[in-house]
Amino acid sequence: MRYLSAGTDPKTIRISRIGLGAWQFGSREWGYGQSYAEQEARAIVRRAVELGVTLFDTAEIYGFGRSERILGEAIGEDRESVFLATKLFPLLPVAPVVEQRAVASANRLGVRRLDLYQVHQPNPVVRDGTIMRGMRALQRVGLVSEIGVSNYSLDRWRAAEQALGSRVLSNQVRYNLVDRSPEYDLLPFAESTDHIVIAYSPLAQGLLSGKYDRDNRPTNRLRAANPMFLPENLDRAGELIAALREVADAHSATPAQIALAWVIHRPAVVAIPGASSVGQLESNVAAADIDLTEDEYQALHAAAARFDPVTGPAVVPHLLRARFSKGGPS
Ligand SMILES: NC(=O)c1ccc[n+]([C@@H]2O[C@H](COP(=O)([O-])OP(=O)(O)OC[C@H]3O[C@@H](n4cnc5c(N)ncnc54)[C@H](OP(=O)(O)O)[C@@H]3O)[C@@H](O)[C@H]2O)c1
(Lines give C-alpha, C1' and ligand atoms only; values in the text may rest on other atoms or scores of the structure.)
Protein backbone atom coordinates (compact mmCIF):
# COMPACT_ATOMS: atom_id res chain seq x y z
CA MET A 1 0.00 0.00 0.00
CA ARG A 2 1.08 3.55 -0.63
CA TYR A 3 0.13 6.47 1.54
CA LEU A 4 -0.37 10.15 1.23
CA SER A 5 0.65 12.32 4.09
CA ALA A 6 -1.10 15.61 3.97
CA GLY A 7 -0.14 18.64 5.90
CA THR A 8 1.60 19.44 9.06
CA ASP A 9 1.96 16.16 10.89
CA PRO A 10 2.53 13.20 8.59
CA LYS A 11 2.58 10.84 11.53
CA THR A 12 -1.01 11.50 12.43
CA ILE A 13 -2.32 11.72 8.88
CA ARG A 14 -1.42 8.63 6.94
CA ILE A 15 -4.00 8.16 4.26
CA SER A 16 -3.89 5.07 2.04
CA ARG A 17 -3.98 5.88 -1.68
CA ILE A 18 -6.64 3.20 -2.01
CA GLY A 19 -9.29 3.39 0.68
CA LEU A 20 -12.61 1.67 1.07
CA GLY A 21 -16.01 3.20 0.38
CA ALA A 22 -18.78 1.93 2.63
CA TRP A 23 -21.91 3.17 0.88
CA GLN A 24 -22.55 -0.46 -0.05
CA PHE A 25 -22.82 -1.49 3.62
CA GLY A 26 -26.46 -1.95 4.60
CA SER A 27 -27.85 0.35 1.95
CA ARG A 28 -30.85 -0.85 -0.02
CA GLU A 29 -29.91 0.84 -3.28
CA TRP A 30 -26.94 -1.46 -3.82
CA GLY A 31 -29.15 -4.48 -3.09
CA TYR A 32 -26.38 -6.75 -1.78
CA GLY A 33 -28.69 -8.24 0.83
CA GLN A 34 -28.62 -9.25 4.44
CA SER A 35 -25.68 -11.65 4.49
CA TYR A 36 -23.50 -9.01 2.80
CA ALA A 37 -24.47 -6.45 5.47
CA GLU A 38 -24.04 -8.92 8.33
CA GLN A 39 -20.97 -10.90 7.25
CA GLU A 40 -19.27 -9.95 4.00
CA ALA A 41 -19.01 -6.24 4.81
CA ARG A 42 -17.23 -7.04 8.06
CA ALA A 43 -14.86 -9.45 6.29
CA ILE A 44 -14.09 -6.78 3.69
CA VAL A 45 -13.18 -4.24 6.39
CA ARG A 46 -11.06 -6.74 8.35
CA ARG A 47 -9.12 -7.70 5.23
CA ALA A 48 -8.69 -4.05 4.29
CA VAL A 49 -7.15 -3.29 7.68
CA GLU A 50 -4.85 -6.32 7.33
CA LEU A 51 -3.68 -5.09 3.93
CA GLY A 52 -2.82 -1.63 5.21
CA VAL A 53 -5.88 0.34 4.14
CA THR A 54 -6.31 3.30 6.49
CA LEU A 55 -8.92 5.41 4.70
CA PHE A 56 -12.51 4.32 5.31
CA ASP A 57 -15.35 6.45 4.03
CA THR A 58 -18.98 6.38 5.13
CA ALA A 59 -21.84 8.85 5.66
CA GLU A 60 -24.75 9.29 8.04
CA ILE A 61 -27.08 8.92 5.06
CA TYR A 62 -25.74 5.51 3.90
CA GLY A 63 -28.35 2.97 4.97
CA PHE A 64 -29.61 5.71 7.31
CA GLY A 65 -26.79 5.10 9.77
CA ARG A 66 -26.39 1.38 9.15
CA SER A 67 -23.18 1.79 7.16
CA GLU A 68 -21.56 3.73 10.02
CA ARG A 69 -22.58 1.05 12.50
CA ILE A 70 -21.28 -1.82 10.36
CA LEU A 71 -18.01 -0.03 9.65
CA GLY A 72 -17.39 1.04 13.25
CA GLU A 73 -18.11 -2.43 14.59
CA ALA A 74 -15.81 -4.06 12.02
CA ILE A 75 -12.92 -1.70 12.70
CA GLY A 76 -13.22 -2.29 16.43
CA GLU A 77 -9.90 -2.25 18.20
CA ASP A 78 -7.99 -1.10 15.14
CA ARG A 79 -9.54 2.31 15.46
CA GLU A 80 -6.25 4.09 16.16
CA SER A 81 -4.56 2.78 13.03
CA VAL A 82 -7.22 3.99 10.58
CA PHE A 83 -8.39 7.30 9.16
CA LEU A 84 -12.16 7.35 9.56
CA ALA A 85 -14.17 9.65 7.37
CA THR A 86 -17.89 10.25 7.52
CA LYS A 87 -20.25 12.88 6.15
CA LEU A 88 -22.89 15.27 7.32
CA PHE A 89 -25.97 15.46 5.11
CA PRO A 90 -26.48 19.23 5.12
CA LEU A 91 -30.18 19.41 5.81
CA LEU A 92 -30.81 22.38 8.11
CA PRO A 93 -27.09 22.67 8.84
CA VAL A 94 -27.09 25.33 11.55
CA ALA A 95 -24.21 25.03 14.00
CA PRO A 96 -26.01 23.21 16.87
CA VAL A 97 -27.46 20.68 14.41
CA VAL A 98 -24.04 20.10 12.84
CA GLU A 99 -22.64 19.43 16.32
CA GLN A 100 -25.45 17.03 17.29
CA ARG A 101 -25.14 15.14 14.05
CA ALA A 102 -21.38 14.68 14.49
CA VAL A 103 -21.98 13.26 17.95
CA ALA A 104 -24.59 10.88 16.52
CA SER A 105 -22.19 9.71 13.79
CA ALA A 106 -19.39 9.18 16.31
CA ASN A 107 -21.77 7.16 18.49
CA ARG A 108 -22.81 4.95 15.58
CA LEU A 109 -19.18 4.45 14.63
CA GLY A 110 -18.32 3.78 18.27
CA VAL A 111 -15.49 6.32 18.31
CA ARG A 112 -14.60 9.46 20.24
CA ARG A 113 -13.09 11.25 17.27
CA LEU A 114 -13.92 11.57 13.58
CA ASP A 115 -10.69 11.86 11.62
CA LEU A 116 -12.43 13.59 8.71
CA TYR A 117 -15.90 15.12 8.86
CA GLN A 118 -17.18 16.07 5.42
CA VAL A 119 -20.12 18.13 4.22
CA HIS A 120 -21.77 15.64 1.86
CA GLN A 121 -22.84 18.23 -0.70
CA PRO A 122 -23.19 21.97 -0.92
CA ASN A 123 -26.44 23.27 0.51
CA PRO A 124 -28.00 25.45 -2.19
CA VAL A 125 -29.55 27.84 0.34
CA VAL A 126 -27.46 27.82 3.51
CA ARG A 127 -24.02 29.34 3.16
CA ASP A 128 -20.95 27.58 4.44
CA GLY A 129 -20.33 30.12 7.20
CA THR A 130 -23.22 28.58 9.10
CA ILE A 131 -21.99 25.01 8.71
CA MET A 132 -18.38 25.93 9.43
CA ARG A 133 -19.31 27.54 12.74
CA GLY A 134 -20.43 24.11 13.86
CA MET A 135 -17.37 22.45 12.32
CA ARG A 136 -15.05 24.87 14.13
CA ALA A 137 -16.69 24.08 17.45
CA LEU A 138 -16.30 20.35 16.77
CA GLN A 139 -12.61 20.79 16.03
CA ARG A 140 -12.15 22.91 19.15
CA VAL A 141 -13.51 20.20 21.44
CA GLY A 142 -11.52 17.50 19.62
CA LEU A 143 -14.48 15.51 18.29
CA VAL A 144 -13.34 16.19 14.73
CA SER A 145 -9.73 16.31 13.49
CA GLU A 146 -10.02 17.42 9.86
CA ILE A 147 -12.82 19.03 7.92
CA GLY A 148 -13.67 18.08 4.35
CA VAL A 149 -16.31 18.86 1.75
CA SER A 150 -17.83 16.81 -1.02
CA ASN A 151 -19.23 17.65 -4.44
CA TYR A 152 -17.97 21.23 -4.04
CA SER A 153 -16.78 23.47 -6.86
CA LEU A 154 -13.34 24.98 -6.40
CA ASP A 155 -14.82 28.38 -5.56
CA ARG A 156 -17.05 26.93 -2.91
CA TRP A 157 -14.26 24.78 -1.47
CA ARG A 158 -12.18 27.92 -1.07
CA ALA A 159 -15.11 29.85 0.40
CA ALA A 160 -15.67 27.02 2.89
CA GLU A 161 -12.04 27.22 3.91
CA GLN A 162 -12.29 30.95 4.38
CA ALA A 163 -15.41 30.51 6.47
CA LEU A 164 -13.72 27.83 8.61
CA GLY A 165 -10.63 29.98 9.05
CA SER A 166 -8.32 26.99 8.59
CA ARG A 167 -7.71 24.12 6.21
CA VAL A 168 -10.57 22.24 4.62
CA LEU A 169 -8.39 19.24 3.86
CA SER A 170 -10.31 17.46 1.13
CA ASN A 171 -13.02 17.57 -1.48
CA GLN A 172 -14.66 14.23 -2.27
CA VAL A 173 -15.83 14.18 -5.86
CA ARG A 174 -16.59 11.75 -8.65
CA TYR A 175 -13.36 11.10 -10.52
CA ASN A 176 -12.78 8.27 -12.93
CA LEU A 177 -11.98 7.63 -16.59
CA VAL A 178 -15.55 8.49 -17.50
CA ASP A 179 -15.77 11.72 -15.51
CA ARG A 180 -12.52 13.67 -15.56
CA SER A 181 -13.94 17.08 -14.68
CA PRO A 182 -11.87 17.45 -11.46
CA GLU A 183 -8.79 17.71 -13.70
CA TYR A 184 -9.72 21.22 -14.78
CA ASP A 185 -9.34 22.96 -11.46
CA LEU A 186 -9.70 20.75 -8.37
CA LEU A 187 -6.62 18.62 -9.00
CA PRO A 188 -4.27 21.52 -9.84
CA PHE A 189 -5.51 23.33 -6.71
CA ALA A 190 -5.03 20.28 -4.49
CA GLU A 191 -1.61 19.53 -5.92
CA SER A 192 -0.29 23.04 -5.42
CA THR A 193 -1.75 23.70 -1.97
CA ASP A 194 -1.39 20.47 0.01
CA HIS A 195 -5.05 19.51 -0.18
CA ILE A 196 -6.57 16.17 -1.18
CA VAL A 197 -9.12 15.08 -3.73
CA ILE A 198 -10.93 11.94 -2.62
CA ALA A 199 -12.12 10.16 -5.76
CA TYR A 200 -15.49 8.49 -5.39
CA SER A 201 -16.94 6.03 -7.91
CA PRO A 202 -13.38 5.46 -9.20
CA LEU A 203 -14.63 2.39 -11.08
CA ALA A 204 -17.67 4.27 -12.42
CA GLN A 205 -19.73 1.93 -10.21
CA GLY A 206 -18.22 -1.16 -11.81
CA LEU A 207 -18.47 -0.06 -15.45
CA LEU A 208 -14.68 0.16 -15.74
CA SER A 209 -14.21 -3.42 -14.55
CA GLY A 210 -15.27 -4.47 -18.04
CA LYS A 211 -17.54 -7.21 -16.75
CA TYR A 212 -20.76 -5.55 -17.88
CA ASP A 213 -22.12 -5.34 -21.42
CA ARG A 214 -25.56 -5.07 -23.03
CA ASP A 215 -26.27 -8.75 -22.34
CA ASN A 216 -25.00 -8.62 -18.78
CA ARG A 217 -26.15 -5.47 -17.04
CA PRO A 218 -26.06 -4.90 -13.27
CA THR A 219 -29.35 -5.79 -11.67
CA ASN A 220 -29.69 -3.32 -8.80
CA ARG A 221 -31.92 -0.26 -8.82
CA LEU A 222 -29.08 2.19 -8.41
CA ARG A 223 -27.28 1.18 -11.56
CA ALA A 224 -30.48 0.62 -13.54
CA ALA A 225 -31.03 4.35 -13.10
CA ASN A 226 -27.44 5.20 -14.03
CA PRO A 227 -27.32 6.15 -17.73
CA MET A 228 -23.77 4.75 -18.02
CA PHE A 229 -25.27 1.25 -17.80
CA LEU A 230 -27.67 1.76 -20.69
CA PRO A 231 -27.06 -0.84 -23.41
CA GLU A 232 -26.08 1.97 -25.80
CA ASN A 233 -23.50 3.35 -23.41
CA LEU A 234 -22.12 -0.09 -22.56
CA ASP A 235 -21.58 -0.56 -26.30
CA ARG A 236 -19.92 2.83 -26.58
CA ALA A 237 -17.65 2.07 -23.61
CA GLY A 238 -16.21 -0.92 -25.48
CA GLU A 239 -13.20 0.93 -26.83
CA LEU A 240 -12.29 2.35 -23.42
CA ILE A 241 -12.60 -1.09 -21.83
CA ALA A 242 -10.40 -2.52 -24.59
CA ALA A 243 -7.76 0.11 -23.82
CA LEU A 244 -7.92 -0.81 -20.13
CA ARG A 245 -7.54 -4.49 -21.01
CA GLU A 246 -4.50 -3.82 -23.15
CA VAL A 247 -2.71 -1.97 -20.34
CA ALA A 248 -3.95 -4.56 -17.83
CA ASP A 249 -2.39 -7.39 -19.87
CA ALA A 250 0.98 -5.63 -19.78
CA HIS A 251 0.83 -5.53 -15.96
CA SER A 252 -0.81 -8.93 -15.43
CA ALA A 253 -3.61 -6.98 -13.87
CA THR A 254 -7.34 -6.46 -14.41
CA PRO A 255 -9.11 -3.53 -16.10
CA ALA A 256 -10.51 -2.49 -12.69
CA GLN A 257 -7.01 -2.33 -11.22
CA ILE A 258 -5.77 -0.24 -14.12
CA ALA A 259 -8.76 2.10 -13.78
CA LEU A 260 -7.79 2.64 -10.12
CA ALA A 261 -4.09 3.02 -10.88
CA TRP A 262 -5.08 5.68 -13.41
CA VAL A 263 -7.10 7.62 -10.83
CA ILE A 264 -4.33 7.69 -8.25
CA HIS A 265 -1.63 8.47 -10.82
CA ARG A 266 -2.19 12.13 -9.95
CA PRO A 267 -0.33 12.96 -6.74
CA ALA A 268 -3.06 14.57 -4.61
CA VAL A 269 -5.68 11.90 -5.24
CA VAL A 270 -6.81 9.01 -3.09
CA ALA A 271 -9.57 6.66 -4.26
CA ILE A 272 -12.30 4.96 -2.25
CA PRO A 273 -13.71 2.09 -4.33
CA GLY A 274 -16.59 0.13 -2.88
CA ALA A 275 -16.40 -3.66 -2.95
CA SER A 276 -19.01 -6.40 -3.14
CA SER A 277 -16.58 -9.12 -2.01
CA VAL A 278 -13.31 -9.67 -0.19
CA GLY A 279 -11.75 -10.69 -3.51
CA GLN A 280 -12.62 -7.31 -5.06
CA LEU A 281 -11.18 -5.50 -2.06
CA GLU A 282 -7.92 -7.45 -2.35
CA SER A 283 -7.69 -6.70 -6.03
CA ASN A 284 -8.41 -3.00 -5.48
CA VAL A 285 -5.77 -2.72 -2.77
CA ALA A 286 -3.17 -4.30 -5.05
CA ALA A 287 -3.83 -1.55 -7.60
CA ALA A 288 -2.05 0.92 -5.30
CA ASP A 289 1.26 -0.68 -6.28
CA ILE A 290 0.79 -0.49 -10.04
CA ASP A 291 2.88 2.17 -11.75
CA LEU A 292 1.55 3.22 -15.14
CA THR A 293 4.06 4.51 -17.66
CA GLU A 294 3.42 7.97 -19.05
CA ASP A 295 2.54 6.39 -22.42
CA GLU A 296 -0.02 4.10 -20.79
CA TYR A 297 -1.48 6.97 -18.81
CA GLN A 298 -1.84 9.09 -21.94
CA ALA A 299 -3.28 6.19 -23.98
CA LEU A 300 -6.00 5.72 -21.37
CA HIS A 301 -6.62 9.44 -21.32
CA ALA A 302 -7.05 9.46 -25.09
CA ALA A 303 -9.41 6.45 -25.02
CA ALA A 304 -11.42 8.19 -22.29
CA ALA A 305 -11.64 11.37 -24.36
CA ARG A 306 -13.07 9.36 -27.29
CA PHE A 307 -15.79 7.81 -25.12
CA ASP A 308 -18.97 9.65 -26.03
CA PRO A 309 -21.87 8.34 -23.93
CA VAL A 310 -25.50 9.32 -24.39
CA THR A 311 -26.15 11.89 -21.63
CA GLY A 312 -28.58 14.64 -20.66
CA PRO A 313 -32.27 14.63 -21.66
CA ALA A 314 -31.46 12.23 -24.52
CA VAL A 315 -31.07 9.38 -22.02
CA VAL A 316 -34.73 9.45 -20.91
CA PRO A 317 -36.21 7.39 -23.78
CA HIS A 318 -33.26 5.00 -23.53
CA LEU A 319 -33.81 4.55 -19.78
CA LEU A 320 -37.52 3.88 -20.32
CA ARG A 321 -36.79 1.39 -23.08
CA ALA A 322 -34.20 -0.39 -20.94
CA ARG A 323 -36.55 -0.38 -17.93
CA PHE A 324 -39.40 -2.05 -19.76
CA SER A 325 -37.48 -4.29 -22.11
CA LYS A 326 -37.37 -8.01 -21.37
CA GLY A 327 -34.43 -8.91 -19.14
CA GLY A 328 -33.78 -5.30 -18.11
CA PRO A 329 -32.56 -4.52 -14.61
CA SER A 330 -35.08 -4.62 -11.78
N1 LIG B 1 -19.65 11.92 -1.74
C2 LIG B 1 -20.54 11.41 -2.56
O3 LIG B 1 -21.48 12.10 -3.00
C4 LIG B 1 -20.38 9.98 -2.98
C5 LIG B 1 -21.13 9.47 -4.06
C6 LIG B 1 -20.91 8.14 -4.44
C7 LIG B 1 -20.00 7.34 -3.75
N8 LIG B 1 -19.32 7.87 -2.68
C9 LIG B 1 -18.33 7.04 -1.93
O10 LIG B 1 -17.46 6.41 -2.85
C11 LIG B 1 -17.46 5.00 -2.67
C12 LIG B 1 -17.22 4.31 -3.99
O13 LIG B 1 -18.07 4.78 -5.02
P14 LIG B 1 -19.21 3.88 -5.68
O15 LIG B 1 -19.57 2.80 -4.75
O16 LIG B 1 -20.25 4.80 -6.19
O17 LIG B 1 -18.52 3.28 -7.01
P18 LIG B 1 -17.23 2.39 -7.35
O19 LIG B 1 -16.32 2.31 -6.21
O20 LIG B 1 -16.74 2.94 -8.63
O21 LIG B 1 -17.89 0.99 -7.68
C22 LIG B 1 -18.09 0.03 -6.67
C23 LIG B 1 -18.66 -1.24 -7.30
O24 LIG B 1 -17.82 -1.69 -8.36
C25 LIG B 1 -17.74 -3.12 -8.34
N26 LIG B 1 -16.32 -3.47 -8.08
C27 LIG B 1 -15.53 -3.03 -7.05
N28 LIG B 1 -14.30 -3.55 -7.13
C29 LIG B 1 -14.28 -4.33 -8.22
C30 LIG B 1 -13.29 -5.14 -8.82
N31 LIG B 1 -12.07 -5.23 -8.32
N32 LIG B 1 -13.62 -5.83 -9.96
C33 LIG B 1 -14.86 -5.75 -10.49
N34 LIG B 1 -15.85 -4.98 -9.96
C35 LIG B 1 -15.56 -4.28 -8.83
C36 LIG B 1 -18.65 -3.58 -7.23
O37 LIG B 1 -19.96 -3.81 -7.75
P38 LIG B 1 -20.47 -5.22 -8.39
O39 LIG B 1 -19.56 -6.30 -7.93
O40 LIG B 1 -21.86 -5.36 -7.92
O41 LIG B 1 -20.41 -4.97 -9.88
C42 LIG B 1 -18.70 -2.38 -6.31
O43 LIG B 1 -19.85 -2.31 -5.50
C44 LIG B 1 -18.82 4.70 -2.01
O45 LIG B 1 -18.81 3.49 -1.29
C46 LIG B 1 -18.97 5.91 -1.10
O47 LIG B 1 -18.21 5.72 0.09
C48 LIG B 1 -19.49 9.16 -2.31
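Structure shown above.
Below you will find a few notes about this structure. (Residues numbered from 1 in each chain as written. Predicted model: local features only at pLDDT ≥ 70, side-chain atom pairs only at ≥ 80, totals over all residues. Heavy atoms only, no water.)

## Re the site of the ligand
Around the ligand sit 32 residues in total, of which Q24, Y32, Y212, R223 and S276 are the nearest. Contacts to the ligand include A204, whose backbone N or O atom sits 3.3 Å from an oxygen atom. About the coverage of the ligand: the protein hides 93% of its 910 Å² of free accessible area. Considering each element in turn, the shell around the ligand owes the most residues, three residues, to helix α11 (residues 278–286). Taken together, the residues that form the shell around the ligand break down as 13 nonpolar, 15 polar and four charged. (Near = heavy atom within 4 Å. Polar contact = N/O pair within 3.5 Å; in protein donor to acceptor, adjacent residues only side chain to side chain. Areas by Shrake-Rupley, 256 points an atom, 1.4 Å probe, with all protein chains shown as cover. Helix = DSSP H or I, 4+ residues; strand = E, 2+ residues; numbered from the N terminus. Nonpolar A, V, L, I, M, F, W, Y, C, P; charged D, E, K, R; others polar.)

## Some details on the side chain of T86
With respect to the helices and strands, the residue T86 is situated in strand β5 (residues 83–88). A polar contact is formed between the side chain of T86 and the backbone nitrogen of A59, at a distance of 3.5 Å. Beyond its immediate stretch of four places on either side in the chain, T86 contacts T58, A59, E60, E68, S105, L109, L114, L116, Y117 and Q118. (Contact = heavy atoms within 4.5 Å.)

## Remarks on the environment of G52
Following the sequence through the fold, G52 ends up in the loop between α1 (34–50) and β4 (55–57). In sequence terms G52 and V285 are 233 residues apart; their C-alpha atoms lie 8.6 Å from each other. When neighbours within four sequence positions are excluded, G52 is seen to be in contact with M1, Y3 and S16.

## Here's the deal with the pattern of salt bridges
Taken as a whole and assessed by the stated rule, the structure comprises 18 salt bridges. The closest approach of N and O atoms between R174 and D179, which form a salt bridge, is 3.5 Å. Residue classification places R174 among the partly exposed positions, given a relative accessible area of 39%. Bridged by salt links that share partners, the residues R79, E80, R113 and D115 form one connected network. (Salt bridge = Lys/Arg side-chain N within 4 Å of Asp/Glu carboxyl O. Buried < 20%, exposed > 50% of the residue type's maximum accessible area, 1.4 Å probe, protein only.)

## Topic: the pairing of strand β6 (residues 114–119)
Buried residues dominate β6, accounting for six of its six residues. As judged from the four bridges shared by β5 and β6, these two strands associate in the parallel manner. In the sheet register, K87 faces β6, and the bridge partner there is Q118. On the question of chirality, the crossover connecting β5 to the parallel β6 by way of helix α3 (residues 95–109) is right-handed. Two strands pair when backbone bridges link them, and β6 and strand β7 (residues 144–150) are joined in this way by five bridges, in the parallel orientation. Looking at the pairing, L114 lines up with V144 of β7. (Pairing = 2+ DSSP bridges. Right-handed = clockwise from strand over helix to strand, strands pointing away.)

## Regarding the sheet that holds β5
An order of β3-β4-β5-β6-β7-β8-β9-β10 is seen for the eight strands of this open sheet, with the pairing classed as parallel. Each edge of the open sheet carries a strand with a single partner, namely β3 (20–21) and β10 (269–271). The sheet contact formed by β4 and β5 spans three bridges and is parallel. The residue of β5 that forms the bridge with D57 is A85.

## Details of helix α5 (residues 154–164)
Considered for burial, the residues of α5 that qualify are L154, W157, A160 and L164. Looking straight down α5, one finds its buried side chains confined to an arc of 120 degrees; they lie on one side. With respect to the buried face of α5, the exposed residues turned more than 90 degrees away are D155 and Q162. Buried-residue contacts for α5 involve α4 (128–140), β7, β8 (168–174), α6 (186–193) and β9 (196–200). (Arc of directions from axis to C-beta.)

## Re the environment of L186
Counting through the fold element by element, L186 comes out in helix α6. With residues up to four places along the chain from it excluded, the contact list for L186 reads Y152, S153, L154, W157, N171, V173 and V197.

## Regarding the packing of helix α9 (residues 238–250) against helix α12 (residues 294–306)
α12 packs onto α9 with a crossing angle of 165 degrees between their chain directions and a minimal axis gap of 8 Å. Of the possible angle classes, the one that applies to α9 and α12 is roughly antiparallel. The way α9 lies across α12 gives a crossing that is left-handed. Only E296, L300, A303, A304 and R306 of α12 make contact with α9, whose side of the interface consists of E239, L240, A243, L244, V247 and A250. (Axes fitted to C-alpha atoms, helices over the stretch in contact; angles between N-to-C directions. Parallel < 35°, antiparallel > 145°, perpendicular 65-115°, else oblique. Left-handed = near helix turned anticlockwise from the far one by under 90°.)

The analysis is restricted to geometry; functional conclusions fall outside its scope.
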